[in-house]
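Structural description and commentary
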Amino acid sequence: MMSAVNALFNHPGLRSFLVRMRVPLAIAIAAVVIAYADLRWLWPALAVSMAGELIQLWCFATLDKNASLACRGPYAIVRNPMYLGRFFILGGALMLLGQPWLLVLYAVVYWFYMVNRVGREERRLREVLGAPYAEYCAGTSRFLPGAPYRGEPVLVWDWALFRQNHGWQNFAGTAAFWIAAIAWLATRAGGAG
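Everything in this summary refers to the structure shown in the same document. (Residues numbered from 1 in each chain as written. Predicted model: local features only at pLDDT ≥ 70, side-chain atom pairs only at ≥ 80, totals over all residues. Heavy atoms only, no water.)

1. Details of the packing of helix H5 (residues 81-95) against helix H6 (residues 100-129)
Selection rule: In this analysis, axes come from line fits to C-alpha atoms, helices being fitted only over the stretch in contact, and the angle between any two N-to-C directions falls in the range 0 to 180 degrees. In this description a helix means any DSSP run of H or I spanning at least four residues, a strand means any run of E spanning at least two, and both kinds are numbered starting from the N terminus. Under this scheme an angle from 65 to 115 degrees is roughly perpendicular, one under 35 degrees roughly parallel, and one over 145 degrees roughly antiparallel; angles in between are oblique. Here a crossing is called left-handed whenever its near helix is offset anticlockwise from the far helix by less than a right angle, and right-handed whenever the offset is clockwise. Any pair of residues with heavy atoms lying within 4.5 Å of one another is described as a contacting pair. Think of it as three bins: nonpolar holds Ala, Val, Leu, Ile, Met, Phe, Trp, Tyr, Cys and Pro, charged holds Asp, Glu, Lys and Arg, and polar takes everything else, Gly as well.
For the pair H5 and H6, interaxial distance at closest approach is 11 Å and the crossing angle is 160 degrees. Here H6 runs roughly antiparallel to H5, going by the angle between their axes. Crossing of H5 against H6: the hand is right-handed. Note on element contacts: H6 touches H5 through Leu 102, Leu 103, Tyr 106, Ala 107, Tyr 110, Tyr 113, Met 114, Arg 117, Val 118 and Glu 121, opposite Tyr 83, Leu 84, Arg 86, Phe 87, Leu 90, Gly 91, Leu 94 and Met 95. Residues belonging to the contact of H5 with H6 are distributed by class as follows: 14 nonpolar, one polar and three charged.

2. Remarks on the packing of helix H4 (residues 42-60) against H5
The contact between H4 and H5 brings their axes to 7 Å, and the two run at 160 degrees. Classed by the angle they form, the pair H4 and H5 counts as roughly antiparallel. Relative to H5, H4 is oriented so that their crossing is left-handed. Taking contact as the criterion, the partners of Pro 44, Ala 45, Val 48, Ser 49, Gly 52, Glu 53, Ile 55, Gln 56, Cys 59 and Phe 60 in H4 are, on H5, Pro 81, Met 82, Gly 85, Arg 86, Phe 88, Ile 89, Gly 92, Ala 93 and Met 95. A per-class count over the contact of H4 with H5 returns 12 nonpolar, five polar and two charged.

3. A look at the environment of Ala 189
The following threshold applies: Under the scheme applied here, a residue whose accessible area is under 20% of the maximum for its type counts as buried, over 50% as exposed, and between as partly exposed, the area being computed with a 1.4 Å probe on protein chains only.
Structurally, the position occupied by Ala 189 is in helix H9 (residues 167-192). For Ala 189, a relative accessible area of 37% translates into the label partly exposed.

Below is the structure:
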């Protein structure tokens, strides 16, 4: 059964479709979440999502994609911080629905997505970066933060990398979602009073 689930998450046709349709799908899901948002969950959901956004932005400000081994900033303490940040961004948004069972389902689906996506990426990075990457993998956890790798600096922020990695666009998308959610909830709350 697990191999069938992993095969689904690695299916080239499905992956290609989801990549092509990611923007319309994200807009549709965001619209549904906002339409059914529960005001009581707004502040905790926003806090979780913004914590994830900060992690993601920090990643953008330290990652020189495919050019060098990323082992400073958040990458000094965990190999895949961007996926952890994204987990919290999306999880916070789903919290707006006020349905704990949905968060459990999301965590399971995201786990399969992350394990399979990271597996593909790590195979490619081992080919591209070779022995230094293998050594980094041996000294840094895949998903759970730990001590900094070889004493690499953690508090790092490079504006040039942030711009190169389109950090502003990521922030703008997340901010637009939350502005729309807050506006919609304020409108509904105002109409109820």
